[in-house]
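Commentary on secondary and tertiary structure
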Amino acid sequence: QVQLVESGGGLVQPGGSLRLSCAVSGTISRFYAMGWYRQTPGQRRDLVANILSGVTTEYADSVKGRFTISMDSAKKTVWLQMNDLKPEDTAVYYCNADDVYSGSYYYDDIWGQGTQVTVSA
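Here's a quick rundown of the structure. Small disclaimer: the values here were computed from a predicted structure and weren't measured.

**Focus on the pairing of strand E3 (residues 18-25)**
Regular strands show a simple pattern: their side chains alternate between the two faces of the sheet. Relative to E3, strand E1 (residues 3-7) is paired through five bridges, and the arrangement is antiparallel. The partner of serine 7 across the bridge, within E3, is serine 21. Pairing geometry for E3 and strand E8 (residues 77-82), over six bridges, is antiparallel. Considered in E8, the bridge of serine 21 is made with tryptophan 79.

As structure tokens, this is what we get:
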């Protein structure tokens, strides 16, 4: 079974940096998208950054130039480097994997449990 576990959240001052990690348990042979979403209370969960088919990346306009998504070649860890953090980046950040194949198994949508990021002076 493929599971995702996030880590690296915390409290940071505006202008600071954090690096989120998403550890993948199980083996992913191929996927459509892996990435990060965020959610604040009462709001929908929005895309932050994605890696598509392990080749291309996409970012929300609000984080372009500040956040960088990356993944190791073994597909075991996905990182989100967040620089120049702003108070509006405060949210619970979730790791996601979409259309995942693990051997003969298929997973439509996998979510981690989330990690809190708070940007405040």
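**Some details on the side chain of glutamate 6**
Looking at the secondary structure, you find glutamate 6 in strand E1. Although buried, glutamate 6 forms no salt bridge, and the nearest oppositely charged side chain, arginine 45, lies 7.2 Å from it. Polar contacts involving the side chain of glutamate 6 include one to the main-chain amide nitrogen of glutamine 113, which spans 2.9 Å. At a separation of 2.9 Å, a polar atom in the side chain of glutamate 6 contacts the main-chain amide nitrogen of glycine 114. The contact partners of glutamate 6, leaving out residues within four places of it in the chain, are Ser21, Cys22, Trp36, Tyr93, Tyr94, Cys95, Gly112, Gln113, Gly114 and Thr115.

Calculation rules
- Residues numbered from 1 in each chain as written.
- Predicted model: local features only at pLDDT ≥ 70, side-chain atom pairs only at ≥ 80, totals over all residues.
- Heavy atoms only, no water.
- Pairing = 2+ DSSP bridges.
- Helix = DSSP H or I, 4+ residues; strand = E, 2+ residues; numbered from the N terminus.
- Buried < 20%, exposed > 50% of the residue type's maximum accessible area, 1.4 Å probe, protein only.
- Lys, Arg positive; Asp, Glu negative; His and termini not counted.
- Salt bridge = Lys/Arg side-chain N within 4 Å of Asp/Glu carboxyl O.
- Polar contact = N/O pair within 3.5 Å; in protein donor to acceptor, adjacent residues only side chain to side chain.
- Contact = heavy atoms within 4.5 Å.

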